[in-house]
Amino acid sequence: MDHNIILIRSESSIRPFKEIFEGFFPEGRVDFPGPRTTFIVQPVSESPPNPEDLYHLLLSDIEENLTFLSLPGVAQTLFGDDFLINGLAQIKHGHYEYEAFLLALIKAGKSYQDTLRRSIGSALESTHIHNALALAHHNMNISLAAKALYVHRNTLNYRIESIREKTGINIRQFDGLMIFHLLFS
Amino acid sequence: MGILSFKNMQKIYEGNVQAVTDFNLEVQDKEFIVLVGPSGCGKSTTLRMVAGLEDITEGDLVIDGRRVNNVPPKDRNIAMVFQSYALYPHMSVFDNMAFGLKLRKRPKDEIKRRVDEAAQILGLQDLLNRKPKALSGGQRQRVALGRAIVRDAEVFLMDEPLSNLDAKLRVQMRAEIIKLHEKIKTTTIYVTHDQIEAMTMADRIVIMNDGYIQQVGSPSEVYDFPNNLFVGGFIGTPAMNFINGHLDDEGHFVTGKTKIKIPKAKWDNLKEQGYENKEIIFGIRPEDIHDENLVKETYPDAVTNFKVDVAELLGSETNITAQFEGQTVIARVDARTDIAINDTIELVFDMNKSHFFDTETTQRIREKDEDKKKLQRKNA
C-alpha cells in the first residue's frame with residue numbers, strides 16, 4: 001500500500017507522546033528508533049491528517065525546537081531508514097517537505113550529496129537526468145527544453161512524471177529541479 | 001505583567017544572511033502589537049526569537065525586567081498560536097485545552113478551573129465534551145485560542161493565525177480576537193502580512209522590510225504620516241499613488257505638462273527645507289483624488305485630465321486606474337459616477353492631503369506642525 005512517512009526529532013524524549021501520535025494518525029504505525037526520534041508510517045488515504053498541524057500543536061505544547069519531516073513513502077525505498085534518520089539529525093530544526101529536506105541534506109556535506117546522487121541516479125535512467133538538466137537549463141520552460149532535446153513536449157511531460165513516480169521529486173517545482181541541478185550538473 | 005523590551009536585536013543566519021537588523025521596540029503591558037511586512041521581511045523570525053525557537057544573534061530581549069536570551073521557551077511564560085489552528089482530532093475540546101497544562105503537571109482541579117474559565121470567555125461551555133470534527137470552523141478556531149488562554153501566559157504570540165481561513169471566517173475571527181483581547185488584556189504580538197489585519201487589530205503597528213523596522217505607530221499614524229515610500233505604498237488598499245516630478249520656484253508640483261498648486265503651508269515647508277526647483281515624489285492616496293464638482297471648485301489649480309484604463313465598480317465606490325502624464329494613478333470615486341474605459345475625465349487632487357518624498361532617501365518630508373497633529377489625534 002502507498003504510504004507517507006513522518007520523522008520527528010526533538011530535544012528531549014517524546015516517547016510519552018506515543019498516544020498522541022497514534023491518535024493523530026489512527027491508521028499509522030508509530031516507532032521510536034532512538035530516544036529522541038519518532039518514525040511514523042502513514043498509509044495514503046482520502047483525507048489524511050496534515051502533519052504540519054501536528055508540528056504546530058507539538059511546538060505550542062512542548063515548547064521546544066523540533067525537526068519535522070513529511071516525506072513520500074518512496075523516500076524510504078530510495079534512501080533507507082538509517083539514512084533518513086541520520087539526515088534528520090543533520091539539519092536545522094523546522095518543518096520540512098520532501099524537496100526542502102533533500103536540499104538541506106545537500107547543504108549538509110559531501111557524503112550526503114554522494115549518497116543522494118547514487119540513490120537517485122540508480123532509480124532513474126540517464127535520459128531522465130539529462131532531461132531534468134535540460135529543463136533547468138531552459139528556465140523550467142517545458143516547450144523550450146523539449147525542443148532542445150528533439151522530443152515532443154508530451155514525451156518530456158511523461159518523463160517528468162516518471163521521475164516523480166520513481167523518486168518522489170517534483171521537478172516542475174523549483175526546489176525539485178534544483179536538487180537535480182546541484183547533484184548532477 | 002507582560003512588558004517586552006527589544007534592544008538592538010539582530011538575527012544573522014549561517015552564510016551571513018541578515019534576517020533582522022537592529023530591532024528596537026518597547027512593548028507595554030496589555031498592548032496589542034502587530035508586526036506586518038512582506039514575505040521575508042523578518043517578522044516571523046522576530047516572533048520566533050521571542051518564543052525562544054530561534055537564537056538571538058546579538059542584542060537583548062527583556063521580558064518583565066528579565067533578560068531571556070538564553071531562557072528555554074518553556075520557561076518564558078508565553079503562549080503561541082500558529083497558522084494552522086490545529087487541534088488533536090482524537091481529544092475532546094476539554095482535553096485539547098487541558099493538554100498543555102497536563103504536560104506541565106498542573107493539579108487536576110487547577111486544570112479544570114482554567115479550562116472552564118477559558119471556555120466561559122470563548123463561549124465554549126456547552127462544547128467541552130465534543131471532538132473537533134463535531135465543531136464548526138469558527139468553533140475550532142476558538143478552541144485553538146482557548147489552548148493558549150488556559151496557559152495564563154504573560155504574552156501571546158500569534159503567527160499569521162488567520163491566514164489559512166476563508167475570507168468570511170477570517171473577518172469573523174479578526175473580530176473574535178479583538179474582543180478576546182479586550183476581555184483578557186494579555187500582551188499580544190501578532191504577525192501578519194495582511195495590512196487590513198494590522199490596521200484593524202493593532203494598538204501599534206510595526207512595519208518591517210528587509211529585516212529593518214520601517215515605522216512604529218498607531219494605525220492612523222502610519223496611514224496618515226508614513227515615514228517613507230515603503231510604508232506609504234504598503235499600508236492602504238489600493239496603495240498610495242506616487243508621481244515623479246519636480247517643484248518649481250512658484251509653489252507648484254510639476255510633472256510633464258501639468259502644474260499643480262501646492263497649499264501655502266506645505267509649500268513654505270518644502271521651500272524652507274531646500275526642495276525648491278528639485279526633483280521630488282508626490283504621494284496621494286486614492287481616496288484623496290476626487291471627482292465631485294465642489295472639490296474641483298475648491299482646488300481649481302489641482303484639476304487635471306486622466307485617461308481611464310480600468311474602472312472597477314465595487315458597489316459603494318469605483319476604483320479608476322488611469323494614465324496621468326505617462327504614470328499610472330488609481331482614484332477611488334463615488335460609484336454613482338458613470339465612467340467607461342478610454343474616457344477622459346477630470347479629477348482633482350486634494351492637495352491638503354498630499355505627501356512629498358525625497359527622491360534619494362525615499363523618506364517623507366516632514367511638516368513643521370506634524371508632531372502637534374499627531375498629539376491632537378492621539379488625545380482625541
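Rules used in this analysis
Residues numbered from 1 in each chain as written. Chains lettered and ligands numbered in written order. Predicted model: local features only at pLDDT ≥ 70, side-chain atom pairs only at ≥ 80, totals over all residues. Heavy atoms only, no water. Helix = DSSP H or I, 4+ residues; strand = E, 2+ residues; numbered from the N terminus. Buried < 20%, exposed > 50% of the residue type's maximum accessible area, 1.4 Å probe, protein only. pLDDT = per-residue confidence, 0-100. Salt bridge = Lys/Arg side-chain N within 4 Å of Asp/Glu carboxyl O.

(A) Region of the structure containing unusual backbone geometry. That bond from Thr237(B) to Pro238(B) is cis: its omega, -5 degrees, falls within 30 degrees of zero. Located in the positive-phi region is Tyr150(A), a residue other than glycine, with phi close to 60 degrees. On the secondary structure map, Tyr150(A) appears in the loop between α8 (142–149) and α9 (153–167). The backbone phi angle of Asn277(B) is positive, close to 60 degrees, even though this residue is not glycine. You can see Asn277(B) is positioned in the loop between α9 (264–272) and β14 (279–284). Asn277(B) gets classed as exposed once you look at its relative accessible area, which sits at 51%.

(B) Structural context of the confidence of the model for chain B. Residues and elements named next belong to chain B. Averaged over chain B, the pLDDT score is 90; the fraction of residues at 70 or greater is 99%. Per-residue pLDDT, averaged within each element of chain B, yields its smallest value for helix α11 (residues 370–379) (73) and its largest for strand β3 (residues 32–36) (97). We note a pTM of 0.85 for the whole complex and an ipTM of 0.82 for its interfaces.

(C) Local environment of the pattern of salt bridges. In the structure shown here, the tally under the stated rule is 29 salt bridges over all chains. For Glu54(B), the salt bridge goes to Lys92(A), with nearest N and O atoms at 3.6 Å. Within this pair, whereas Glu54(B) is found in the loop between α1 (43–51) and β4 (58–63), its partner Lys92(A) is found in the loop between α4 (81–90) and β5 (94–97), the two belonging to separate chains. Using a relative accessible area of 8% as the deciding quantity, one classes Glu54(B) as buried. Among the ionic contacts, a cluster of salt bridges with common partners joins Lys92(A), Lys11(B), Arg48(B) and Glu54(B).

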